[in-house]
2 protein chains.
Amino acid sequence: MIHRDVRILLIGVGNLGRRFARLIRERARPLEDRYGMRVRLVGAVDRGGAAIDPTGLDGGRLADLKEAGRSVSAATGVGRPGMTGLEAIDAVDADVLCEASPVNLATGAEPGLSHVRAGLSRGLHVITPNKGPIVLAYRELVERARAHHVALRFDGTVAGGLPALWIGERDLRGAEIDRIEAVPNLTTGFVLDRLSEGASWDEATAAARAEGVLEADPAWDLDGWDAAAKLVILSLCVLGLDARLENVARRGIGPRMGAWARRERRAGRSVRLLATAERVEGGGYGLSVAPKALPAEHPLGRLGPKSMGVVYWTDIYGTIAATIDEPSPVPSAATMLRDLLAIYDR
Amino acid sequence: MIHRDVRILLIGVGNLGRRFARLIRERARPLEDRYGMRVRLVGAVDRGGAAIDPTGLDGGRLADLKEAGRSVSAATGVGRPGMTGLEAIDAVDADVLCEASPVNLATGAEPGLSHVRAGLSRGLHVITPNKGPIVLAYRELVERARAHHVALRFDGTVAGGLPALWIGERDLRGAEIDRIEAVPNLTTGFVLDRLSEGASWDEATAAARAEGVLEADPAWDLDGWDAAAKLVILSLCVLGLDARLENVARRGIGPRMGAWARRERRAGRSVRLLATAERVEGGGYGLSVAPKALPAEHPLGRLGPKSMGVVYWTDIYGTIAATIDEPSPVPSAATMLRDLLAIYDR
């Protein structure tokens, strides 16, 4: 019993996008059986071009191509070398745009921001794990989605596969939130754990790179930009603040932290890059990202090397913490499936 | 800007009900400002009778009456001594029934089950933190709600103010869940912590009673019935099982556990009454409730004496844990507000 045919256009077929393409292919049957949804990938776009097939692309085959270092536009019969994301949004009949291009705040979040804008304006639901557009243009995009009667969802922007954002936005409605503390970045936790175990900075970052958790631009993670971007998104969505990256007092992690990390570990504390939003005297919230030593009793004080988490201090719902252990990028990619089901399975 | 007038009939004005009555009174203004909802308590019923006022009762005043040991039906001008819940459901024009009467599985979950049935059939949305009706008649009630186009929500039935159920139901859609582990009962954790610190059984249970966390019928908590009921609800809603209380292999806590609890604490482990649903060979899940010693690395291994939590082991969303520290019953009562907003603020 198919209630709905859902046609997806995917822009960005990297770490998350290709895993998502594979996932919806592998899960096609349970999605039909359980949710009555026939999910078809009708277009996929990367830097080299696009692959388009209104009857449905094979996401697994596209992922194989990407893993072999090629563009999806090399797919036989369906490839469109040189076609851009914006062109695909115009050319492809789809219901949902999944925007999974890399975050790039240096270019004003482009090309992602233009994709999200164009998708919403064309009446597509938009799902994105790309922090850039949300950090830079949250209110405009929410307004645009409302005007076009479509959904904008971005669960994957904060703390990987953890529904950190939606717990805060949905489940804490009606409460005052006094403080949010989050460990939203996996890479820095991984590096800090290595440092605290005695590794040198070079060894620790090399291990992170070997593990695939350190991006091409290490400063994005290590200098705390990623954590700050996630804190801004939490502040926008959960606290309703007009937060911007410039409002975050930001300190990253660096080579001179080894002795500190080792000392804290010996004392039974866990070192993490902590993102904090807390009420300040006179009203409003102070936003900061800084390395902190967390005691074992802290709700985030026992995170594993591939874990992330968030804690909400509220007036009427007590103190609520949520954590995720995420051994691979699959949970982060799967947030696009979660968002898809949140739109269609109501 | 009021978009909606929401009239509430509350049945059961005990620990949770009276706190909820106070809460919606105190939060009237922010509910209007933020969500455009004017929430009015138009009826309240306890064992002594009802209080009814279509223009809105003062929830704070009713809570004061209850705290002075009196019935809401003693409220001047609005009291209806002797009126029952079912009579009130017929007599009061309301939009939402909040059923917060005490759980009582010995009587087939009555009177709560009849209230929930009658409310749904009368076209009211029903919100209940009462486990009884859900454990005994989940499918029937879901079907009845669907037939009458109303919502049935019961976030408060599992792990107090923690949105354990809705995280499992909403945020894990699309995943296979291999295992659920939960510490859904606060009382047993409190008693076990005292035992592990060296208190005798009598001292530990007396402390729990003095703290207000041990109910009139201690067996409900201590013998694991409460945890088993919550595990059944998780199994019904999150795993889609046809689970019943009889399916749970249940062991509670008792006077002979002191030495074990002290030994485990010395070894750095935390003792808790753990509810587990896990896949068994040949398909299906095994359900159990039993005292367990949890190592510090376990996601529930560092819970405080007034904390609860749940862990989901999934295939595509990693391992997700959520915990709550709940120093008073307010978070459990506030789940009714969360459910209310989930119905009206979509």
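Higher on the page you've got the structure.
Below, the structure is looked at part by part. What you see is a predicted model, and the numbers here were worked out from it, not measured in a lab.

### Considerations on unusual backbone geometry
All names here are of chain A.
Next, step 1: In this chain, Glu-110 is followed by Pro-111 through a cis amide linkage whose omega measures 10 degrees.
Next, step 2: Within the secondary structure layout, Pro-111 lies in the loop between strand S5 (96-99) and helix H5 (112-121).
Next, step 3: A positive phi is found at Ala-159, a non-glycine position, where the angle reads about 60 degrees.
Next, step 4: The exposure class of Ala-159 is buried, given its relative accessible area of 1%.

### Things to note about empty space enclosed by the protein
Next, step 1: Within the structure shown, the criterion is met by 1 cavity of 30 Å³ or more.
Next, step 2: The space that makes up the largest cavity amounts to roughly 40 Å³.
Next, step 3: A:Gly174, A:Glu176, B:Arg27, B:Pro30, B:Leu31, B:Arg34 and B:Tyr35 are the residues that line the largest cavity.
Next, step 4: Of the residues assigned to the lining of the largest cavity, the class counts are 3 nonpolar, 1 polar and 3 charged.

### Looking at the interface of chain B and chain A
Next, step 1: With 38 residues of chain B at the contact, the number on the chain A side is 38 residues.
Next, step 2: Buried surface at the junction of chain B and chain A, both sides included, amounts to about 3200 Å², of which 47% is carbon and sulfur.
Next, step 3: If you sort the residues of chain B by the area they bury against chain A, B:Arg173, B:Ile316 and B:Tyr317 come out on top, with a joint share of 19%.
Next, step 4: Run the count over chain B and chain A and you get 8 salt bridges.
Next, step 5: The salt bridge partner of A:Arg173 is B:Asp345, with a shortest N-O separation of 3.1 Å.

### Description of the sheet that holds strand S10 (residues 270-279) of chain B
Next, step 1: Overall, mixed pairing links the 12 strands, which are arranged S9(A)-S11(A)-S10(A)-S8(A)-S12(A)-S13(A)-S13(B)-S12(B)-S8(B)-S10(B)-S11(B)-S9(B) in an open sheet. Single-partner strands in this sheet number two, and they are strand S9 (248-250) of chain A together with strand S9 (248-250) of chain B. Sheet twist, expressed as the average angle between the axes of neighbouring strands with direction ignored, equals 15 degrees.
Next, step 2: Across the sheet, helix H7 (residues 164-171) of chain B lies against strand S12 (307-314) and strand S13 (319-325) of chain B, angled at about 15 degrees from S12(B), the strand it touches most.
Next, step 3: Sitting on the sheet, helix H12 (residues 258-266) of chain B touches S10 and strand S11 (285-294) of chain B, and the angle it makes with S11(B) is about 70 degrees.

### Structural notes on the pattern of salt bridges
Residues and elements named next belong to chain A.
Next, step 1: This model, assessed by the stated rule, comprises 61 salt bridges over all chains.
Next, step 2: Notably, a salt bridge pairs Arg-38 with Asp-5, separated by 3.4 Å at the nearest N-O pair. Residue Arg-38 is found in strand S2 (residues 37-46), and its partner Asp-5 is found in strand S1 (residues 4-11); the two are separated by 33 residues along the sequence.
Next, step 3: For Arg-38, a relative accessible area of 39% gives the class partly exposed.
Next, step 4: Three or more residues are tied together by salt bridges with common partners; here these are Arg-18, Arg-22, Asp-64 and Glu-67.

### Re the nonpolar core
Next, step 1: Judged by nonpolar contacts, the single largest core of 234 residues is most densely connected at A:Ile8, A:Leu340, B:Ile8 and B:Leu340.
Next, step 2: The residues contacting A:Leu340, other than those within four sequence positions of it, are A:Val6, A:Ile8, A:Met37, A:Val39, A:Val96 and A:Ile127.
Next, step 3: Within the second largest apolar cluster, 8 residues are counted, among which are A:Leu294, A:Leu300, A:Val311 and A:Trp313.

Criteria and thresholds
Residues numbered from 1 in each chain as written. Chains lettered and ligands numbered in written order. Predicted model: local features only at pLDDT ≥ 70, side-chain atom pairs only at ≥ 80, totals over all residues. Heavy atoms only, no water. Helix = DSSP H or I, 4+ residues; strand = E, 2+ residues; numbered from the N terminus. Buried < 20%, exposed > 50% of the residue type's maximum accessible area, 1.4 Å probe, protein only. 1 Å grid on protein atoms, 1.4 Å probe; cavity = no way out; pocket = protein on both sides within 12 Å on 5 of 7 lines; lining within 4 Å. Points joined across faces, edges and corners; volume = space filled by probe spheres on them. Nonpolar A, V, L, I, M, F, W, Y, C, P; charged D, E, K, R; others polar. Contact = heavy atoms within 4.5 Å. Buried area = accessible area lost by both parts, 1.4 Å probe. Salt bridge = Lys/Arg side-chain N within 4 Å of Asp/Glu carboxyl O. Pairing = 2+ DSSP bridges. Axes fitted to C-alpha atoms, helices over the stretch in contact; angles between N-to-C directions. Core = buried A, V, L, I, M, F, W, Y, C linked by side-chain atoms within 4.5 Å.

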